Amino acid sequence: MNKQLFVLLFVILMVPSVFAIEMKYDFVVEDNGDSLVIIELTGSGLVNIPTQNDVNEIKVKGALYKLNDNSIDVSIGSSEKAYVLYQTSYLTKKEGTNWFFSVDNINASIANVALPPNTNVLTTKPNAFIQSGNYTKIMFSNTKDIDIEYKFTSNIVDDNVEEPDDMNLGVYILFLVVGIIFMVSIMLISKFNKKKSNK
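Residue positions are given per chain, counting from 1 as you read along its sequence in written order. Selection of residues for local features in this predicted model requires a pLDDT of at least 70, selection of side-chain atom pairs for listing and counting requires 80 or more, and totals for whole chains, interfaces and linings are taken over all residues. For the side-chain quantities, the full set of heavy atoms in the structure was used; hydrogens and water were omitted.

Trainee: I'd like a description of the side chain of Asp54, backed by residues and values.
Mentor: For Asp54, the location among the structural elements is in the loop between strand E3 (45–50) and strand E4 (58–61). Burial here depends on accessible area, computed with a 1.4 Å probe over protein chains only, as a share of the maximum for the residue type. Under 20% is buried, over 50% is exposed, and the range in between is partly exposed. For the purpose of counting charges, residues Lys and Arg are taken to be positive, whereas Asp and Glu are taken to be negative. His and the chain ends are not included. Salt bridges are defined as contacts in which a side-chain nitrogen from Lys or Arg sits within 4 Å of a carboxyl oxygen from Asp or Glu. Salt bridges are absent for the buried Asp54, whose nearest opposite-charge side chain, Lys93, sits at 15 Å. Any N or O atom pair separated by 3.5 Å or less is treated as a polar contact, with the protein-specific requirement of one donor-capable and one acceptor-capable atom, and with residues adjacent in sequence counted only for side-chain atom pairs. A polar contact is formed between the side chain of Asp54 and the side chain of Thr88, at a distance of 2.5 Å. Working rule for contacts: check all heavy atoms of both residues, and any pair within 4.5 Å makes them a contact. Ignoring sequence-local partners within four residues, the contact set of Asp54 consists of Thr88, Ser89 and Tyr90. Under the scheme used here, helices are H or I runs from DSSP no shorter than 4 residues and strands are E runs no shorter than 2 residues, and both carry numbers assigned from the N terminus.

And the structure:
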């Protein structure tokens, strides 16, 4: 009886340490569908993080870790903060002109998905906030699964870069002709003044 009670107390005491880790996910998705996954872990204890089949290299900072098949065990001690980084192409797929981003079993307190700036977000599950700027940022809170459907609009044009047009070309040619006429005039005046001074 004492042994069973001890095991029960051990399990009860271990449960809070396993769930005491807060996970924040950042996904940076390129236009070809490849994704950089950055996971910030805060707290202490042991957590298992599922990974995709194509993940070859995982970087962990601030914690001990053990690689498994399609997952990683991360043990955080007194540092109470750790980071996990890896790349995968298995979070996205393309059907026609539409792209689909999907991830499950992440148990994230916060999850952000960054897409290229020319992204048109069609649907998100669950509902999310969307911010446009240098990139399209989709923000989720307290989520386990994420599904996004999106497509790309026309190419991005930098507002600071002027595109050449016929008006600019005409002004350039005008300045070039005026400059040549000015140089020829100076040369002729100089030549005329030399002849006059030689007489």
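From this point, the narrative continues.
Trainee: Give me the nonpolar core: which residues, what numbers.
Mentor: If you look at the biggest cluster of nonpolar residues, it comprises 34 residues, and the most contacted ones within it are Tyr25, Leu41, Ile49, Val84, Phe101, Val113 and Ile148. Setting aside chain neighbours within four positions, we find Tyr25 in contact with Val37, Ile38, Ile39, Ile49, Ile106, Ala108, Ile110, Ala111 and Asn112. Here, nonpolar core means buried Ala, Val, Leu, Ile, Met, Phe, Trp, Tyr and Cys residues that are tied together by side-chain atoms lying within 4.5 Å of each other.

Trainee: How would you sum up the environment of Lys66? Please name residues and give values.
Mentor: Topologically, Lys66 is positioned in strand E5 (residues 64–68). The partly exposed category is assigned to Lys66, whose relative accessible area is 48%. Linking Lys66 and Asn48, residues 18 residues apart in sequence, is a C-alpha distance of 9.4 Å. In this structure Lys66 touches Ser71, Ile72 and Asp73, once residues within four positions along its chain are discounted. Of the polar contacts made by the side chain of Lys66, one reaches the side chain of Asn68; its length is 3.4 Å.

Trainee: Quick rundown of the sheet that holds E5? Include the residues and the values.
Mentor: By this definition, two strands are paired if DSSP reports at least two bridges between them. As summarised here, the arrangement of the three strands in space is E3-E6-E5, forming an open sheet in which the pairing is antiparallel. For this open sheet the edge positions go to E3 and E5, each flanked by a neighbour on one side alone. The mean angle between the axes of side-by-side strands here comes to 15°, regardless of whether they run parallel or antiparallel. As judged from the six bridges shared by E3 and strand E6 (residues 71–76), these two strands associate in the antiparallel manner. By the bridge assignment, Leu46 is partnered in E6 with Ser75. Between N-to-C directions, angles cover 0 to 180 degrees, with each direction set by a line fitted to C-alpha atoms, over the stretch in contact for helices.

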